[in-house]
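# Survey of secondary and tertiary structure
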Amino acid sequence: SSDNSFSGNILKSYLIALLLHIIKPYCKNYNAKISPLTAKAVAIINKHFADSNPLTIAAKELNYSPASLSLLFQKDFGKTFKEYLQQYRINHARHLLESTNMKVSAISPAVGYQDQKFFTQIFKEITGQTPAQYRKSQAIPSDIPINAL
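Overview of the structure. (Residues numbered from 1 in each chain as written. Predicted model: local features only at pLDDT ≥ 70, side-chain atom pairs only at ≥ 80, totals over all residues. Heavy atoms only, no water.)

## Focus on the nonpolar core
Put simply, the rule reads: Residue types Ala, Val, Leu, Ile, Met, Phe, Trp, Tyr and Cys, when buried and joined through side-chain atoms within 4.5 Å, form a set referred to as a nonpolar core. Here's how the labels work: a residue is buried when its accessible area is under 20% of the maximum for its type, exposed when over 50%, partly exposed in between, all with a 1.4 Å probe on protein chains only. Per the convention used, a helix needs a DSSP run of H or I reaching at least four residues, while a strand needs a run of E reaching at least two, with both numbered from the N terminus.
I45, L69, F73, I107, V111, F119 and F123 are the most contacted members of the largest nonpolar core, which has 29 residues in total. Those elements that provide at least two residues to this core are α2 (36-47), α3 (54-62), α4 (66-77), α5 (81-99), α6 (104-110) and α7 (116-127). Tallying contributions element by element places α5 first for this core, with seven residues.

## As for the packing of aromatic side chains
For the record, the criterion: Each aromatic pair joins two rings of Phe, Tyr and Trp (for Trp, the six-membered one) with centres within 6.5 Å, and gets the label stacked for planes under 30 degrees apart, edge-to-face for over 60, and tilted for any other angle.
This structure, assessed with the given rule, holds ten aromatic pairs. Relative to F123, the ring of F119 has its centre 5.8 Å away and its plane inclined at 55°; by these criteria the two rings are tilted. Note that F119 and F123 are positioned in helix α7 at a spacing of four residues, about one turn of the helix. Given the relative accessible area of 0%, F123 is considered buried. Geometrically, the ring pair formed by F123 and Y134 is edge-to-face, given 5.6 Å between the ring centres and 75° between the ring planes.

## Considering the environment of Q87
The condition is simple: Whether two residues are in contact is decided by their heavy atoms: any pair within 4.5 Å suffices.
Here Q87 shows up in helix α5. By relative accessible area, which is 26% here, Q87 ends up partly exposed. Sequence-wise, Q87 and I126 are 39 residues apart; in three dimensions their C-alpha atoms are separated by 7.5 Å. Non-local contacts of Q87, meaning those with residues more than four positions away in its chain, are made with R94 and I126.

Next comes the structure, spelled out in structure tokens:
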């Protein structure tokens, strides 16, 4: 019985190692460490994500050029600054759609998109749904009694 358990653990370890080997090429910057400068930039950018140009704000605060900071993002995250910012903004929009009754027309500028049509386009590219469809898909069906949750 203990031999079977030991064999099972070895098999499980090999399967996990094989799975990690298979998925590694699909993971951008697998096990990458983020530089301290990038970490500082992320904190500034996350604070100013709804501003019109958070990269410029972070670059100015860190005495770097926006182009250099953008290259650092690419190196540390395996994605462009623009992709990072869009993902951050859309994640914040998702949170607002899930947790508030704010209209999409109010959420759009709150997450840094002055043009609601463009916001909806980016939101759909990232989530596969429009903001309205996303909100509806996250809603608790009204026919489920509250005490059943």
